[in-house]
Amino acid sequence: MSEPIILGIESSCDDTSAAVLKGQKILSNKIATQEVHTKYGGVVPELASRAHQQNIIPVVDLAIKEAGINKSDLSAIAITRGPGLLGSLLVGTSFVKGMSMGLNIPILEVDHLQAHILAHFIDRGQDMPSFPFLCLTVSGGHTQIVKVKDYFDMEIIGKTIDDAAGEAFDKTAKILGLPYPGGPFIDKLSKIGNEDAFTFPMPRIQGINYSFSGIKTSFLYFVRDELKKDENFIEKNRNDLAASMQKLIIDILIGKLKRASRETGIKQIALAGGVSANSGLRKAIMQGEELYGWKSYIPEFQFTTDNAAMIAISGYYKYIKKEFLGIDFTPYARALHKS
Ligand code: KG4
Ligand code: ZN
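Residues numbered from 1 in each chain as written. Chains lettered and ligands numbered in written order. Predicted model: local features only at pLDDT ≥ 70, side-chain atom pairs only at ≥ 80, totals over all residues. Heavy atoms only, no water.

Trainee: Teacher, can you tell me more about the domain arrangement of the protein here?
Mentor: Accessible area lost when the parts come together is the quantity often used to give the size of an interface. Looking at the assigned domains, one finds that the protein contains domain 1 (5–119 + 304–320) and domain 2 (128–299). The partner domain 2 presents 19 residues to the 16 residues of domain 1 that form the contact. Between domain 1 and domain 2 lies a buried interface of about 1500 Å² when both sides are counted; carbon and sulfur atoms form 77% of it. If you sort the residues of domain 1 by the area they bury against domain 2, Leu113, Ile117 and Thr304 come out on top, with a joint share of 39%. Counting every contact that joins domain 1 to domain 2 gives 0 salt bridges. In this assembly, domain 1 and domain 2 are joined by 1 residue pair in polar contact (both at pLDDT 80 or more). Mapped by element, the contributors of at least two residues to the side of domain 1 that touches domain 2 are helix H3 (112–118) and helix H9 (309–320). If you tally residues by element for the side of domain 1 that touches domain 2, the top one is H3, at 5 residues. Taken together, the residues of the side of domain 1 that touches domain 2 break down into 6 nonpolar, 9 polar and 1 charged. (Domains from an automatic or database assignment. Contact = heavy atoms within 4.5 Å. Buried area = accessible area lost by both parts, 1.4 Å probe. Salt bridge = Lys/Arg side-chain N within 4 Å of Asp/Glu carboxyl O. Polar contact = N/O pair within 3.5 Å; in protein donor to acceptor, adjacent residues only side chain to side chain. Helix = DSSP H or I, 4+ residues; strand = E, 2+ residues; numbered from the N terminus. Nonpolar A, V, L, I, M, F, W, Y, C, P; charged D, E, K, R; others polar.)

Given below as C-alpha cells:
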C-alpha cells in the first residue's frame with residue numbers, strides 16, 4: 001500500500017490550522033493565528049468562531065498548495081472533534097463534512113489532547129518515544145501527566161485540580177502588565193531576570209496532582225503589597241518577578257513528574273502542549289536525562305502550540321486501523337477522558 005496522504009484540520013480554540021502529511025512525513029503545516037483576541041486579554045469565543053470561518057478556506061488551500069498536491073490526491077481528512085470551544089469546533093467539523101462528501105474520502109476524528117502527545121511521531125528524523133512513556137501535557141487549558149501505553153491507549157495519572165500551567169503563565173503576565181497570551185513574554189523576560197530574586201511557597205497537593213491557583217493568588221497579593229510601598233515596583237523588578245515565577249512553575253511541574261516516574265518506573269519522558277515551548281521547561285526536561293536517568297523527548301517548536309500537523313499524524317494512526325467516522329457526528333467541548 002502506498003503511503004496515505006492526510007489533510008489535518010485544527011480549529012478548537014483560536015488558531016485555524018491545516019497540514020498535509022504523507023505517511024508520517026510532513027508536506028505542509030500552515031497556521032492562521034487570530035490577533036483579534038489580544039486586546040481582550042483572552043479568547044472571545046464568538047470572535048474565534050467568526051475568524052475560523054474567514055480563515056479556514058484560505059488556510060486549507062495554502063496547505064494543499066504548499067504540499068505540492070491536488071485535493072484529489074487526499075486519502076482522508078483528520079479533524080479535531082474536541083475538546084475546545086464548541087463554536088470553533090463546529091466550523092472545522094462542518095467544513096470537513098462538506099469536503100469529505102465533495103471528495104468522497106473518509107473523515108478521521110482526533111482528540112486535541114491526544115494529538116499534542118502524538119506530535120512526537122511526526123517523522124522528522126528524530127528519536128521517537130517507545131511505549132510506555134510518560135507525557136507531561138501542558139497547555140492553556142490542561143495540565144496532565146499521561147501514561148501513554150499505545151497510540152490511543154492513554155491514562156491520565158495526574159492532573160491539575162484548578163488552573164492549568166499555561167493559565168499560571170498568562171495570569172502572571174497579566175499582573176505584570178504584559179500582553180495576552182503572556183507565556184512567551186514571561187519566557188523572554190526570564191532570560192534576563194534573576195530567578196532567585198523572589199520566593200513564593202510551593203503548593204502542597206497530594207499524589208501526582210497539580211495546583212496553580214494558590215501561587216497566582218500569593219503572587220498577586222505580594223505584588224499588590226509591594227506596589228503600596230513603591231508604585232514603580234513592577235517596572236523596577238519585572239524581569240526578576242517573571243524569572244522567579246517561571247522557576248516556581250517549572251519546579252512544580254518537574255517535581256510531580258519526577259514522582260510519577262519513580263512510582264511507575266517509567267523513565268521515558270515526553271513533553272507536549274503550548275507551554276512546552278517554554279525554554280526553561282525544555283531545559284529542565286532535558287536535564288532530567290543527567291539528573292534522573294530519563295530519556296527525554298521535547299517537541300520541535302512548530303509542534304508545541306496548536307497546529308494541524310499533530311491532528312494529521314493522529315489521523316494517520318486511525319487511518320491504518322481503518323477507524324473512520326460517519327457524517328452524522330457532533331463535536332464535543334469537554335475532555336473525553338475521565339480526568
Ligand atoms: O496548547 P496551546 O497552544 O493551546 C491550548 O490548547 O491551550 O497552549 C497555549 C498556552 C498559553 O497559555 C500560552 O501562554 C502558553 O501555552 N505558552 C507558553 C509559551 N508559549 C506558549 N508558556 C510559557 N512559555 C512559552 N514560551
Ligand atoms: Zn492545545
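Trainee: Explanation requested: the packing of aromatic side chains in the structure shown.
Mentor: The geometry of two aromatic rings is summed up by the distance between their centres and the angle between their planes. Scanning all chains against the criterion turns up 16 aromatic pairs. Ring centres of phenylalanine 200 and phenylalanine 219 lie 5.5 Å apart, and the angle between their planes is 80 degrees; on these two criteria the pair is classed as edge-to-face. With a gap of 19 residues between them, phenylalanine 200 in the loop between helix H5 (183–190) and helix H6 (213–229) and phenylalanine 219 in helix H6 connect regions that are remote in the sequence. Considered together, phenylalanine 200 and phenylalanine 219 belong to a single accessibility category, that of buried residues. Put simply, the rings of Phe121, Phe131, Phe133, Tyr151, Tyr316 and Tyr317 touch in pairs and so form one group of aromatic residues. Over the aromatic face of phenylalanine 301 sits the side chain of arginine 282, whose NZ or CZ is 4.1 Å from the ring centroid. Directly above the ring of tyrosine 297 sits lysine 295, whose terminal nitrogen or CZ lies 4.9 Å from the centroid. (Phe/Tyr/Trp six-rings, centres within 6.5 Å; stacked < 30°, edge-to-face > 60°. Buried < 20%, exposed > 50% of the residue type's maximum accessible area, 1.4 Å probe, protein only. Lys NZ or Arg CZ within 6 Å of the ring centre and 35° of its normal.)

Trainee: Teacher, can you tell me more about the sheet that holds strand E9 (residues 268–272) here?
Mentor: By definition, the strands of a sheet pair up through backbone hydrogen bonds, in either a parallel or an antiparallel sense. Spatial ordering of the open sheet is given by E8-E7-E6-E9-E10, a layout of 5 strands whose pairing is mixed. Two strands in the sheet have a free side with no partner beyond their single neighbour: strand E8 (153–159) and strand E10 (295–297). On average, adjacent strands in this sheet sit at an angle of 25 degrees to one another, irrespective of strand direction. With 4 bridges connecting them, strand E6 (residues 133–138) and E9 associate as parallel partners. What sits directly across from threonine 137, in E9, is alanine 272. (Pairing = 2+ DSSP bridges. Axes fitted to C-alpha atoms, helices over the stretch in contact; angles between N-to-C directions.)

Trainee: What am I meant to see in the coordination of the zinc ion (ligand 2) here?
Mentor: For a metal with four tetrahedral donors the ideal donor-metal-donor angle is 109.5 degrees, while six octahedral donors give ideal angles of 90 or 180 degrees. On the protein side, the zinc ion (ligand 2) has His112 (NE2), His116 (NE2) and Asp306 (OD) as donor atoms, found 2.1 to 2.2 Å from it. When the donors of the zinc ion (ligand 2) are listed by position in the chain, the intervening gaps give H-x3-H-x189-D. Residue histidine 116 is located in helix H3, and its partner aspartate 306 is located in the loop between E10 and H9; the two are separated by 190 residues in the primary sequence. The burial state of histidine 116 is the same as that of aspartate 306; both residues are buried. (Donors = N, O, S within 2.8 Å, 3.2 Å for Na, K, Ca; no water.)

Trainee: Would you mind going over the environment of serine 314 with me for this structure?
Mentor: Along the chain, serine 314 falls in helix H9. If we ignore the near neighbours within four places in the chain, the residues touching serine 314 are Val110, Ala115, Leu118 and Phe152.

Trainee: Help me out: how do you make sense of unusual backbone geometry in this one?
Mentor: Note: most peptide bonds trans; most residues except glycine with negative phi. Between glycine 82 and proline 83 the backbone carries a cis peptide bond, its omega angle lying at -10 degrees. As for its position among the elements, proline 83 is in the loop between strand E4 (76–82) and helix H2 (86–103). Tyrosine 180 connects to proline 181 through a cis peptide bond whose omega is -10 degrees. Following the sequence through the fold, proline 181 ends up in the loop between helix H4 (165–175) and H5. Even without glycine at this site, asparagine 104 takes up a positive phi of about 60 degrees. Within the secondary structure, asparagine 104 is located in the loop between H2 and strand E5 (107–111). Non-glycine residue lysine 322 carries a positive phi angle of around 55 degrees. As for its placement among the helices and strands, lysine 322 is situated in the segment after H9.

Trainee: Looking at this structure, how should I read the side chain of threonine 143?
Mentor: Looking at the element boundaries, threonine 143 is found in strand E7 (residues 143–150). From its side chain, threonine 143 meets the backbone nitrogen of alanine 165 in a polar contact 2.7 Å long. Discounting residues that sit within four places of it in the chain, threonine 143 has contacts with Thr137, Val138, Gly158, Lys159, Thr160, Ala164, Ala165, Tyr210, Phe212 and Leu253.

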